[in-house]
Amino acid sequence: MLARLAAAFLSVGLATAVHPYEFSFLTTNSTPVALNISICSSSFTSSNPLILATPYGKGVSSPGPTIYDASGAVVWHAPEWGVAHDMNVQTLRGQPVLAFWIGVEIKTGWVNGTVVLLDKSYSVVGMVAARAPYRADFHEFEILRSDDDTAVLTSYNRISANLSAIGGPAEGYVLDSLVQIVTLDGSDSLRFNWSAWEHLPLNETYALPGTRGDGTLDSPLDIAHINAVDVSADGRSILMSSRHYQQLMKVDCATGEVEWRMGGMKSDFTFGPRAEFHFQHHGRWHENGKAVSVFDNGASDWEVIEPTARGIYLSVNEKTRHVELVREWLPLYQNITKMMGDVQVLLPGGDVWIDFGTNPWMMEQTWDGEMLFWATLGPNEPSEANGPIGSDRVFRTTEWVGEPAEPPAMAVVQRLNGAGTEVYVSWNGATTVTEYELHAGAGAQSMTVVARTAKAGFENAFLLSQPEPQFVLAVALGQKGKELGRTGVYDVADGLRVSDGRVARI
Ligand SMILES: *[C@@H]1O[C@H](CO)[C@@H](O)[C@H](O)[C@H]1NC(C)=O
Ligand SMILES: *[C@@H]1O[C@H](CO)[C@@H](O)[C@H](O)[C@H]1NC(C)=O
Ligand SMILES: *[C@@H]1O[C@H](CO)[C@@H](O)[C@H](O)[C@H]1NC(C)=O
Ligand SMILES: *[C@@H]1O[C@H](CO)[C@@H](O)[C@H](O)[C@H]1NC(C)=O
Ligand SMILES: *[C@@H]1O[C@H](CO)[C@@H](O)[C@H](O)[C@H]1NC(C)=O
Ligand SMILES: *[C@@H]1O[C@H](CO)[C@@H](O)[C@H](O)[C@H]1NC(C)=O
């Protein structure tokens, strides 16, 4: 990377990072949060994973979906979407799509929005919301494995309720959690519509008035807070996680009946040592229902129960109604996670990826708990727990190939005193670029290849010494030197953009 202080004539709209742990570039205004990697084994990098994050919070000046590679370089940052949550690669009608939630937060945890689906060119191929009365909540969106033309999502619904039995107003209000399965084919139909209020007894919530809401119209009590829903591979049963009942539930997809409850005040299961979880997130089925993985927060924003958050894997014996801890995975800095978090079991018995929600930490460990990767969004400090940066869920994937519809971007900077010309190039979202090639010449029609460089990080730089060319353009190359895209042609002398492309900052 070239020293930017040497650049002259640099006057047009260059964004400067607000925080020291944010990146800034010349080819784009976006200032994504840096991924601060402190442990990274070769077994992690060898699979070439991408990290899908949605950093947000007071410490994030430019929130938006963000993809990093295993070296921490930004691959894609899309602040134009604003605060996003729960980004993951899913399969829609046989094709990979990038899915994430956008919308507004009405009160802490109570949100109203839409799930955006992008294809590999980052073009919108779907916008999905709950069917009524409200729109989508960010806590869950999963395209079904049993039918990839349908998806399950969660939605909040404010309803009136008599809360005197738990010390709230008799003419009060709760936020009901709805779980809906909607079709994605445009027919707008609802396959499943489940209400926590209609299925869970009021006297068993841990969210008493004054915790998440006081039970009034303006501050409805978030009684169940369903934060994870996983439909089994055969489409028959649903694993739901209620943070505020501190329980997982198995729900029959045909009838909506709660078959069992694991955890909470009236658990149908007994627990072996260290198998209990509290205010948990991201419950997922494994081994055809014989196991579940859970992010155990160990605490909420109003109560601390365990010493630390952790990822856990539990064996589930439905006959004896007993749960045993099979594995637990602990963070480098042991501390509770007040909100959010997820556990991605890549393969039972294999590696596990965990994100610590309101703690800006993520890690990969082997099944036996060896730390393969540890990274933080921003500063790598234990004191950042439940601080100004978080990401609801962070996933890692080897399934995403990005081939943006937008062309690569270029910026040209002239150094003082004829010390040469710096040319910067980047391609937001492109995952298959291996090299950039710089073309330059005295005429727009007479450029030749003057330099070639392996892609490194988000933005690559070229330095051209005297004599300065009049015109430049950059070409992105992939495997076997195949051209994947090119910037517009730039007139170095006066900074004019000659043909289509992104704005040159000269
Ligand atoms: C949710 O969003 C929809 C669409 O923007 C809007 O019509 C509705 O009023 C919103 N509901 C709440 C409770 O904000
Ligand atoms: C879904 O169920 C809830 C609770 O019963 C109800 O209020 C809502 O109208 C239903 N939505 C649709 C689209 O049927
Ligand atoms: C609210 O429920 C309580 C019992 O928990 C009952 O005594 C009271 O009459 C109810 N109030 C209203 C307004 O329905
Ligand atoms: C809650 O109330 C139901 C009856 O409506 C009762 O069966 C259950 O035992 C109560 N739960 C607790 C924890 O007291
Ligand atoms: C990474 O964390 C360390 C320790 O807090 C900090 O000194 C450093 O600035 C961070 N780096 C980035 C890029 O955020
Ligand atoms: C957990 O993090 C908080 C900051 O959110 C810090 O004050 C506290 O000391 C940490 N606890 C432990 C056990 O490190």
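Just so we're clear, the structure is a prediction, and the values are computed from it rather than from any experiment. (Residues numbered from 1 in each chain as written. Chains lettered and ligands numbered in written order. Predicted model: local features only at pLDDT ≥ 70, side-chain atom pairs only at ≥ 80, totals over all residues. Heavy atoms only, no water.)

Participant: Quick question: what am I supposed to make of the pairing of strand S20 (residues 281-286) here?
Facilitator: Within a regular beta strand, the side chains point alternately toward one face of the sheet and then the other, so they alternate between its two faces. For S20, a buried count of six out of six residues is recorded, marking the element as mostly surrounded by other parts of the structure. In this sheet, strand S21 (residues 291-296) lies alongside S20 in antiparallel orientation, the contact comprising four bridges. Looking at S21, one finds that His281 is bridged to Phe295. If you look at the hairpin formed by S20 and S21, you'll find four residues sitting between the two strands, and Glu287 has a positive phi there, around 50°. (Buried < 20%, exposed > 50% of the residue type's maximum accessible area, 1.4 Å probe, protein only. Helix = DSSP H or I, 4+ residues; strand = E, 2+ residues; numbered from the N terminus. Pairing = 2+ DSSP bridges.)

Participant: Hey, could you run me through the sheet that holds strand S24 (residues 342-345) in this one?
Facilitator: On the basis of which strands lie adjacent, the open sheet formed by five strands has the order S2-S27-S26-S25-S24 and antiparallel pairing. Among the strands making up the open sheet, the edge pair consists of strand S2 (35-40) and S24. Going across the sheet, the axis of each strand differs from the next one's by a mean of 10°, ignoring polarity. Here S2 pairs with strand S27 (residues 371-377) via five bridges, running antiparallel. Within the sheet, the bridge partner assigned to Cys40 lies in S27 and is Phe373. (Axes fitted to C-alpha atoms, helices over the stretch in contact; angles between N-to-C directions.)

Participant: For this particular structure, what's the right way to read the sheet that holds S20?
Facilitator: Two modes of strand pairing occur in sheets, parallel and antiparallel, and in both the strands are linked by backbone hydrogen bonds. The five strands are arranged S19-S23-S22-S21-S20 in an open sheet whose pairing can be described as mixed. Whereas interior strands pair on both sides, the edge strands pair on one side only; in this sheet they are strand S19 (270-271) and S20. Sheet topology places strand S22 (residues 310-317) next to strand S23 (residues 322-329); seven bridges connect them, and they run antiparallel. From the neighbouring strand, Val316 faces S23, where its bridge partner is Val323.

Participant: Hey, could you run me through the site of ligand 2 in this one?
Facilitator: Surveying the vicinity of ligand 2 reveals the residues Ala132, Asn157, Leu178, Leu190, Asn193, Ser195 and Glu198. In this structure, Ala132 approaches ligand 2 through a main-chain N or O atom, which is 3.3 Å from a nitrogen atom. Within the side chain of Glu198, a nitrogen or oxygen atom sits 2.7 Å from an oxygen atom of ligand 2. Counting residues per element, the shell around ligand 2 draws most heavily on strand S13 (residues 190-195), which supplies three residues. (Near = heavy atom within 4 Å. Polar contact = N/O pair within 3.5 Å; in protein donor to acceptor, adjacent residues only side chain to side chain.)

Participant: Teacher, can you tell me more about the packing of aromatic side chains here?
Facilitator: Two aromatic rings, taken as a pair, are described by how far apart their centres are and by the angle between their planes. Applying the stated criterion across every chain, the model contains 22 aromatic pairs. Judged by centre distance (5.8 Å) and plane angle (45°), the rings of Trp361 and Trp374 are tilted. On the criterion of sequence distance, the pair formed by Trp361 in strand S26 (residues 361-365) and Trp374 in strand S27 is long-range, its members being 13 residues apart. Put simply, the rings of Trp76, Trp81, Phe100, Tyr122 and Trp400 touch in pairs and so form one group of aromatic residues. (Phe/Tyr/Trp six-rings, centres within 6.5 Å; stacked < 30°, edge-to-face > 60°.)

Participant: Any chance you could explain unusual backbone geometry here in plain terms?
Facilitator: In the segment running from Ala132 into Pro133, the intervening peptide bond is cis, with an omega of 0°. With respect to the helices, strands and loops of the structure, Pro133 is situated in the loop between strand S9 (124-128) and strand S10 (137-143). In this model, Tyr122 sits at a positive phi of 65°, which is unusual for a non-glycine residue. Using a relative accessible area of 13% as the deciding quantity, one classes Tyr122 as buried.

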